Amino acid sequence: MMLLLVLATLALASEGKPAANLFRTSVTEEQMTLCHTGYRDTTGRCHGYANKKDTTVYPDMAANCSTVTWQNASSATNWGNCFNMTTDEEYRYITTNTVPNFYMNPYCPLGIGLGYCVAAEIEGGTCQFPNLTCGEDNGPGSSSYGDFWVAMTANYKILLVGNPTRNDRPGDMYDAETVGGEKTIGPATACAINGIDIQGPNDAGDVSIDEAGIQLTCGGHVTPPLGNIPPGPGPPGPGGPPLYHFHKSPECLEPFLNASIGAGHGARPFHHGQLVGWAMDGFGIYSYQDVGGAAPIVDECGGHFGPTDTGKIEYHYHSRTYVPYHMACQGPSLGNCASTQRGTNYCHPGCGYEVCVQPGTDEGALRDYLGQWDPTWLDQYTVNPFHGPQAVEEEEEDNLVERLAKDILEMFA
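These figures come from a predicted structure and were not determined experimentally.

**Comments concerning the sheet that holds strand S1 (residues 83–87)**
Strands sit in the order S1-S2-S5-S6 across an open sheet of four strands; the sheet is antiparallel. Sheet topology places S1 and strand S6 (182–183) at the edges, where each strand pairs with a single neighbour.

Printed below as a string of structure tokens:
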């Protein structure tokens, strides 16, 4: 049997095709299924994926970062947000108090006087807190007008440089340990530039945020206030008071405002989107548009190869307004995203090829990037046609924005 396996591997290699990539995840099949299908109980979600081990490598925060409250936060104090990051030669180490750096109104996911379970949970018999009503005294982080965040210290250890040629790609979007990372918040797929965790496309049951009808504030919301539910008060987040987190695009942050505030106010909608955060596999997540304002041509995970806002070519993800919102798996997908899903398939339709490259990307620079790990990697997969000039050169983009701004000002002169 071993001889047959070796011969099969050699045969594939001789045809220029790699042996089948091996999907790996650090949790059990049961834990993976519960997390991916949005199962919630009184201790929260995705516990098995939290894997912080080395407590000595993370930076400190000021003492008041853990005691700040929603009631005393203001624009003068960055709305209570604290974020600290250090790096070594291989990883970035993040400490955050999980408080958003913008104002958030008291929140009820379905309305004041209503519960916290969506129809999919009720119909599926998985609602674990049927008697919890928003707008009642449910412990810390709750009020008669709805719920608000409670500060909690969280940590992330994320690769500075992701490797797209790993033989276990695509990977589980929630997994940090397999790629050498760490996190304290189980359902986090990434950490945003303000320290807020970015979670997957679903939250309550095996339906997307949009299908569940959950309303969000700047792409996010707080977890249910579970501080009064036995076994008693716990830390914020899973099993405790409300924890703020993102699911959809945080359009109130600078990477999105940079394109949306209007040309007359300096918007750059024809530049590549700016950095939104870092996925657990080390690749960046960027806002909506690609170079020249073009739509990103992405794979099933939601990522692709191409230049970022710095001009450097690398694999990266893009946010979008529809499922999977940010990412469905750790890419590249190689046409195998479905193998990383459990329950509903949240994969992007992809570009029709195993590897997706943004049109206009310089092939030589792309091969130099991949050559850090495997100079022949690109030749082992089908790749979408990507040769040709960018839709709009950077200098032309600036001139176009200037002309638009001038036209707008002249209209109101």
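That was the structure; now back to the text.
**Some points on the environment of Gly343**
Locating Gly343 in the fold gives a position in the loop between strand S14 (313–318) and helix H6 (363–370). The exposed category is assigned to Gly343, whose relative accessible area is 57%. For the pair Gly343 and Thr33, spaced 310 residues apart in sequence, the C-alpha separation works out to 7.1 Å. In this structure, Gly343 is in contact with Thr37 and Asp206, ignoring residues within four places of it in sequence.

**As for the environment of Glu121**
One can find Glu121 in helix H3 (residues 119–124). Each C-alpha atom of the pair Glu121 and Gly38 lies 9.1 Å from the other, and the pair is 83 residues apart in sequence. When residues no more than four places from it in sequence are discounted, the contact partners of Glu121 are Gly38, Arg40, Tyr116, Thr126, Cys127, Ala204 and Gly205.

**Here we look at the packing of aromatic side chains**
The geometry of an aromatic ring pair is captured by the separation of the ring centres together with the interplanar angle, meaning the angle of the planes. Considering all chains together, one arrives at 18 aromatic pairs under this definition. Plain terms: the ring middles of Phe305 and Tyr315 are 5.1 Å apart, the flat faces sit at 65° to each other, and that makes the pair edge-to-face. You can see Phe305 sitting in strand S13 (residues 303–307) and its partner Tyr315 sitting in strand S14, a full ten residues away along the chain. Of the residues examined, Phe305 reaches a relative accessible area of 1% and is grouped as buried. Taking the relative accessible area as the measure of exposure, Tyr315 reaches 1% and is therefore buried.

**A closer look at helix H2 (residues 29–36)**
Among the residues of H2, those classed as buried are Met32, Cys35 and His36. Down the axis of H2, the sector holding all buried residues measures 90°, keeping them to one side. Phi turns positive one or two residues past the end of H2, at Gly38, with a value near 70°.

**Focus on the nonpolar core**
Counting 58 residues, the largest nonpolar core has Trp149, Tyr244, Phe305 and Leu366 as the members making the most contacts within it. At the level of elements, H2, strand S7 (188–192), helix H4 (209–212), strand S10 (244–246), strand S11 (275–279), S14 and H6 are the ones that each hand at least two residues to this core. Ile94, Met152, Tyr156 and Trp278 belong to the second-largest nonpolar core, a separate cluster that totals twelve residues.

**As for H6**
Where H6 is concerned, the buried positions are Leu366, Tyr369 and Leu370. Buried positions in H6, seen along its axis, are confined to an arc of 95° and lie on one side of it. In the core, the buried residues of H6 are packed alongside S13 and S14. Looking at where H6 begins, the residue whose side-chain oxygen comes 3.2 Å from the main-chain nitrogen of Gly364 is Asp362.

**Things to note about the state of the cysteines**
Overall, the coordinates contain eight disulfides when judged by the stated rule. Two residues, Cys117 and Cys127, share a disulfide whose sulfurs are 2.0 Å apart. Handedness of the Cys117-Cys127 disulfide follows from its S-S torsion of about 80°: it is right-handed. Separated by ten residues along the polypeptide, Cys117 in the loop between strand S2 (91–96) and H3 and Cys127 in the loop between H3 and strand S3 (142–143) bring together distant segments of the chain. Covalent S-S linkage joins Cys351 and Cys356, the inter-sulfur distance amounting to 2.1 Å. The sign of the S-S torsion, about -90°, decides the handedness of the disulfide formed by Cys351 and Cys356: left-handed. With respect to burial, Cys351 and Cys356 carry one shared label: buried.

**Focus: the confidence of the model for the protein chain**
Any segment with low pLDDT has predicted coordinates that should not be analysed in fine detail. For the protein chain, mean pLDDT is 89; residues scoring 70 or higher make up 86% of the total. The model gives residues 1–16 a pLDDT under 50, and that stretch makes six contacts with residues more than four places away or in other chains. Ignoring residues within four places in sequence, the model shows residues 391–397, a span with pLDDT below 50, making nine contacts including any to other chains.

**Re the side chain of Asp147**
Turning to its location among the elements, Asp147 is positioned in strand S4 (residues 146–147). Buried charge without a salt bridge: Asp147, with Arg40 as the nearest opposite-charge side chain at an N-O distance of 9.5 Å. A polar atom in the side chain of Asp147 sits 2.6 Å from the side chain of Tyr116. For Asp147, the contacting residues outside a window of four places in its chain are Met104, Asn105, Pro106, Tyr107, Tyr116, Cys134, Gly141, Ser142, Val222, Pro225 and Pro242.

**Some thoughts on the side chain of His326**
Inspection of the secondary structure puts His326 in the loop between S14 and H6. There is a polar contact of 3.2 Å between the side chain of His326 and the backbone oxygen of Lys248. Ignoring any residue separated from it by four or fewer positions in sequence, one finds His326 in contact with Ile198, His247, Lys248, Ser249, Pro250, Ile285, Cys301, Gly302, Tyr317, His318, Ser319 and Arg320.

Rules used throughout
Residues numbered from 1 in each chain as written. Predicted model: local features only at pLDDT ≥ 70, side-chain atom pairs only at ≥ 80, totals over all residues. Heavy atoms only, no water. Pairing = 2+ DSSP bridges. Helix = DSSP H or I, 4+ residues; strand = E, 2+ residues; numbered from the N terminus. Buried < 20%, exposed > 50% of the residue type's maximum accessible area, 1.4 Å probe, protein only. Contact = heavy atoms within 4.5 Å. Phe/Tyr/Trp six-rings, centres within 6.5 Å; stacked < 30°, edge-to-face > 60°. Arc of directions from axis to C-beta. Core = buried A, V, L, I, M, F, W, Y, C linked by side-chain atoms within 4.5 Å. Polar contact = N/O pair within 3.5 Å; in protein donor to acceptor, adjacent residues only side chain to side chain. Disulfide = S-S within 2.5 Å. pLDDT = per-residue confidence, 0-100. Lys, Arg positive; Asp, Glu negative; His and termini not counted. Salt bridge = Lys/Arg side-chain N within 4 Å of Asp/Glu carboxyl O.

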